[in-house]
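# Summary of the model geometry
Here's the letter readout for the chains.
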Amino acid sequence: MPVRTLATPVDLDTLLAAKGTTRVSVVIPARDEEATVADVVAGVRRAWVEEVPLVDELVVIDSDSTDRTAEVARAAGATVHAAADIAPALGPARGKGEALWKSLHVTTGDVLVFLDADLIEWGPHFVSGLLGPLLTEPSVMLVKAVYDRPLLDEQGHEAESGGRVTELVARPLLALHHPELTGLVQPLAGEWAVRRAAIERFSVPVGYGVEIAALVDTAAAHGADAIAQVDLGRRTHRHHRHDTLGPMAVQVVAAVEARRGGRGEPRDAAVLTQYDRTAAGFTPRPRDVDLRERPPAAAVDGYRTRVPA
Ligand SMILES: O=c1ccn([C@@H]2O[C@H](COP(=O)(O)OP(=O)(O)O[C@H]3O[C@H](CO)[C@@H](O)[C@H](O)[C@H]3O)[C@@H](O)[C@H]2O)c(=O)[nH]1
Ligand SMILES: O=C(O)[C@H](O)COP(=O)(O)O
């Protein structure tokens, strides 16, 4: 397997020495995460801004939240940008990938660490762990988290292993089309780190295809051995209902399809139809799924003046 796995974290002194003048940005995309985002921000800030100078920039991208996400994230110590306010001339889009892509335009890190905002069990070692291979091995471009990820029931009890889209969609797709990436234990993990020099050259799906796209694009541009993974222990998060995972699955499949070349035009949208039983029988509930992709950030007018090469 070309994907390298680190079970032992790089020790802190080595990490800080290796960091040198490399700028590190932590980016947390958040849509309606007022319940958990402050804990993630405050944990990163305390450990890696106040106690140890590992993180230069701590940013939350507020992804069209309708709750108090922005307010509580700011109070916890993050710089908060609304995704919709970043480069508005590029036109509107909503989604997790959009939040990550927009972050490239308002951050200055040479290395970006992405963390989900809905984390329940996690720790600041997620950040140092992900940075280890990037700061110490110049050939590594992207680092993914690996962890146990139980599926919690409504009482918070451990039901079984989580990662439903991972098991039913991402892993089968990799088995069929990207055997070089099947060494990844958590291909959809929202906790990952990447060099700006790599991600700024990739197209980025606006939705949940962002993670699998970054893996496929990194392997295509730099080889699968430019991807490493680190064992971070255990992580729990807020679970979606299984029917809301359908649109996510469509976006993951579409991101892989779009990268297969010569298989037809990339599509901008799809309609996913699910069904509710009502008095009238089964009633279709069609959902529009956004499959658009943003162009490589480095090719966007004004990017270089905001973020010098
Ligand atoms: O439009 C959106 C949707 C989500 N998010 C944030 O993105 C993170 C992950 O979203 P979530 O809906 O919790 O995704 P998961 O069900 O946890 O999906 C997993 O699988 C996805 C598909 O690969 C990844 O994008 C996720 O990071 C990964 O955790 C959270 O902080 C969200 O607030 C946004 O910023 N904007
Ligand atoms: O990564 C995944 O497969 C999705 O986030 C769903 O995860 P869950 O089944 O643990 O909620």
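Residues numbered from 1 in each chain as written. Chains lettered and ligands numbered in written order. Predicted model: local features only at pLDDT ≥ 70, side-chain atom pairs only at ≥ 80, totals over all residues. Heavy atoms only, no water.

Counted only if it meets this: UniProt positions are given in the numbering used here, feature names are shortened, and annotations may be inferred rather than shown by experiment.
The name given to the protein in an unreviewed UniProt entry is Glucosyl-3-phosphoglycerate synthase, and the organism recorded there is Phycicoccus duodecadis. UniProt's Sequence similarities (unreviewed entry) comment on the protein is quoted here verbatim: "Belongs to the glycosyltransferase 2 family."

### Section: the environment of Thr14
Let me state the cut-off plainly: Each helix is a run of DSSP H or I of at least 4 residues and each strand a run of E of at least 2, with the numbering of both proceeding from the N terminus. We call a residue buried when its accessible area falls under 20% of the maximum for its residue type, exposed when it is over 50%, and partly exposed in between, using a 1.4 Å probe and counting protein chains only. Counting of polar contacts relies on pairs of N or O atoms within 3.5 Å, with two restrictions inside protein: one atom must be capable of donating a hydrogen and the other of accepting it, and residues adjacent in sequence are counted only when both atoms are side-chain atoms.
Mapping Thr14 onto the fold places it in helix α1 (residues 12-19). Taking the relative accessible area as the measure of exposure, Thr14 reaches 36% and is therefore partly exposed. Remark: the alpha-carbon pair of Thr14 and Asp231, spanning 217 residues in sequence, is separated by 18 Å. Here the side chain of Thr14 touches Asp11 through a polar contact of 2.8 Å, side chain to side chain.

### Observations regarding helix α5 (residues 125-136)
Convention followed: Multiplying 1.5 Å by the helix residue count minus one yields the expected span of that helix.
The end-to-end C-alpha distance of α5, which contains twelve residues, comes to 16 Å, matching closely the 16 Å that a straight helix rising 1.5 Å per residue would cover. Among the twelve residues in α5, ten count as buried, and that is most of the element. For α5, the full list of buried residues reads Phe126, Val127, Ser128, Gly129, Leu130, Leu131, Gly132, Pro133, Leu134 and Leu135.

### Section: the site of ligand 2
Heads up, the condition is: We call a residue near a molecule or strand whenever a single non-hydrogen atom of that residue lies within 4 Å of it. For the accessible areas, the method is Shrake-Rupley and the probe is 1.4 Å, while residue cover comes only from the protein chains on display. Grid spacing is 1 Å over the protein atoms alone, the probe is 1.4 Å, and a cavity is where that probe fits but cannot get out, while a pocket is an open set with protein on both sides within 12 Å along at least five of seven lines and lining residues have an atom within 4 Å of a point. Any molecule with more than half of its atoms within 2 Å of a cavity's or pocket's grid points is counted as sitting in it. Three classes are used, and their members are as follows: Ala, Val, Leu, Ile, Met, Phe, Trp, Tyr, Cys and Pro are nonpolar, Asp, Glu, Lys and Arg are charged, and the others, Gly among them, are polar.
Every residue lining ligand 2 is accounted for by Arg149, Leu151, Gly162, Gly163, Arg164, Val165, Thr166, His237 and His239. In this structure, Arg149 approaches ligand 2 through a side-chain N or O atom, which is 2.9 Å from an oxygen atom. Within the complex, 94% of the 320 Å² of free accessible area of ligand 2 lies under protein. With respect to the detected pockets, ligand 2 is housed in the largest pocket. Residue contributions to the shell around ligand 2 peak at three residues, all from helix α6 (residues 164-177). Split by residue class, the shell around ligand 2 holds two nonpolar, five polar and two charged.

### Examining the site of ligand 1
Taken together, 19 residues lie near ligand 1, and Glu33, Lys96, Tyr208, Glu211 and His240 sit nearest. Residue Ala30 places a main-chain N or O atom 3.3 Å away from an oxygen atom belonging to ligand 1. Burial of ligand 1 by the surrounding chains reaches 97%, relative to a free accessible area of 670 Å². Under a 2 Å grid-point criterion requiring more than half of the atoms, the pocket assigned to ligand 1 is the largest pocket. Tallied by class, the residues present in the shell around ligand 1 amount to six nonpolar, five polar and eight charged.

### So, the environment of Gly132
How we decide: Here, residues are in contact when the closest pair of their heavy atoms is within 4.5 Å.
In this structure, Gly132 sits in helix α5. In the structure, Gly132 is positioned 152 residues away from Pro284 in sequence and 48 Å away in space, judged by C-alpha atoms. Other than its neighbours up to four places away in sequence, Gly132 contacts Val10 and Leu15.

### Considering empty space enclosed by the protein
To keep it simple, the criterion reads: Grid points are joined across faces, edges and corners, and a volume is the space filled by probe spheres set on the points.
For the coordinates displayed, the defined rule picks out two cavities of 30 Å³ or more. Looking at the largest cavity, the residues that line it are Pro205, Val206, Gly207, Tyr208, Gly209, Gln251, Ala254, Ala255, Asp290, Leu291, Arg292 and Glu293. Sorting elements by how many residues they give to the lining of the largest cavity places helix α9 (residues 245-258) first, with three residues. Considering only residue class, the lining of the largest cavity consists of six nonpolar, three polar and three charged.

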